[in-house]
Amino acid sequence: MQVGKYAAFFRNLNLGRANCPDKARFEAAFMAAGAQSAASFLTNGTLVFSASTDASAHKVLLHARQTLHFSCGLREPAFMRRLDYLAELVALDPFAQVPRDTVYECCVSFLSPELVGLAGPPPASARQDVEILHFTDSEALSISRVVGRSPGSPNAVLEKLFGLPATTRSRSTVARLVQKHVAQATHRSFGAG
């Protein structure tokens, strides 16, 4: 039986903070839920785990979220993607034409599964501090700029636009996750950043 690798991206989870697990508890919640392996990636609520099927991966995530809710009070949603899908997402690279000196961060936002068939031109924030470059079926790829004293928040813009939770990672985080966990990846990187 071939085991698949999955990434779980939690919203508003920073390891060790109030209502959030530490690394050991985070990984243990997935192992207790039936994951065959679990490894936290950075401290921002990103975890890679393995399961035998997509259906079993969804069950693992559901049970791990319940465990984290009861053990530390975490109530935030999580967004799951297959690692081979993330490798394809990295290869899209809509950031290639963006002048890096005009951008604070290139971002990947994981959107609610309740959103279906995103259409129309990608939006920009009123302050022009967030510009959505591309929608996939389940993500928004965007850039943030510093306007005034702080950079724009793609997550805040998308949650306001759709009225649903999302979670955002820098494109370099997603690229590093793919590089670390996808064996013999044959993809282009988003680039350094």
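A brief structural summary. Just so it is clear, the structure is predicted and the values come from calculations on it, not from any experiment.

Some points on the packing of aromatic side chains
So, point 1. Taken as a whole, this structure holds 7 aromatic pairs when the rule is applied.
So, point 2. Their ring planes at 85° and their centres at 6.2 Å tell us that Phe10 and Phe30 sit as a pair that is edge-to-face. Here Phe10 is found in strand 1 (residues 4-10), whereas its partner Phe30 is found in helix 1 (residues 23-32), with 20 residues between them in sequence.
So, point 3. For the ring pair Phe26 and Phe30, a centre distance of 5.9 Å and an interplane angle of 85° mean the geometry is edge-to-face. With a gap of 4 residues between them, Phe26 and Phe30 both fall in helix 1, about one helical turn apart. The exposure classification of Phe26 matches that of Phe30, with both residues buried.
So, point 4. Through a chain of ring-to-ring contacts, the aromatic side chains of Tyr6, Phe10, Phe26, Phe30 and Phe49 assemble into a single cluster.

Some words on helix 1
So, point 1. Those residues of helix 1 that fall on the buried side of the exposure criterion are Phe26, Glu27, Ala29 and Phe30. The arc that holds every buried residue of helix 1, seen down its axis, measures 150°, which confines them to one face. Opposite its buried face, helix 1 presents the exposed residues Ala24 and Ala32, each directed more than 90 degrees away.
So, point 2. Along its buried surface, helix 1 packs onto strand 1, strand 2 (37-41), strand 3 (46-51) and helix 2 (54-72).
So, point 3. Of the residues trailing helix 1, Gly34 is marked for its positive phi of about 110°.

Description of the sheet that holds strand 3
So, point 1. Across the sheet, 4 strands lie side by side as 2-3-1-4; this open sheet has antiparallel pairing. Single-partner strands in this sheet number two, and they are strand 2 and strand 4 (78-82). Each strand axis lies, on average, 25° off the axis of its neighbour in the sheet, ignoring direction.
So, point 2. Inspection of the sheet shows strand 1 paired to strand 4 by 5 bridges, in the antiparallel sense. By the bridge assignment, Phe9 is partnered in strand 4 with Phe79.
So, point 3. Packed on one face of the sheet, helix 1 meets strand 1, strand 2 and strand 3 and runs near 150° to strand 2.
So, point 4. Strands in contact with helix 5 (residues 171-181) are strand 1, strand 2 and strand 3; relative to strand 2, the strand with the most contacts, it is inclined by about 145°.

Some remarks on unusual backbone geometry
So, point 1. The phi torsion at Leu42 lies on the positive side, around 65°, for a residue other than glycine.
So, point 2. Relative to the helices and strands, Leu42 resides in the loop between strand 2 and strand 3.
So, point 3. Residue Asp93 is not a glycine yet carries a positive backbone phi of 40°.
So, point 4. With respect to the helices, strands and loops of the structure, Asp93 is situated in the loop between helix 3 (83-92) and strand 5 (105-111).

Thresholds applied
Residues numbered from 1 in each chain as written. Predicted model: local features only at pLDDT ≥ 70, side-chain atom pairs only at ≥ 80, totals over all residues. Heavy atoms only, no water. Phe/Tyr/Trp six-rings, centres within 6.5 Å; stacked < 30°, edge-to-face > 60°. Helix = DSSP H or I, 4+ residues; strand = E, 2+ residues; numbered from the N terminus. Buried < 20%, exposed > 50% of the residue type's maximum accessible area, 1.4 Å probe, protein only. Arc of directions from axis to C-beta. Contact = heavy atoms within 4.5 Å. Pairing = 2+ DSSP bridges. Axes fitted to C-alpha atoms, helices over the stretch in contact; angles between N-to-C directions.

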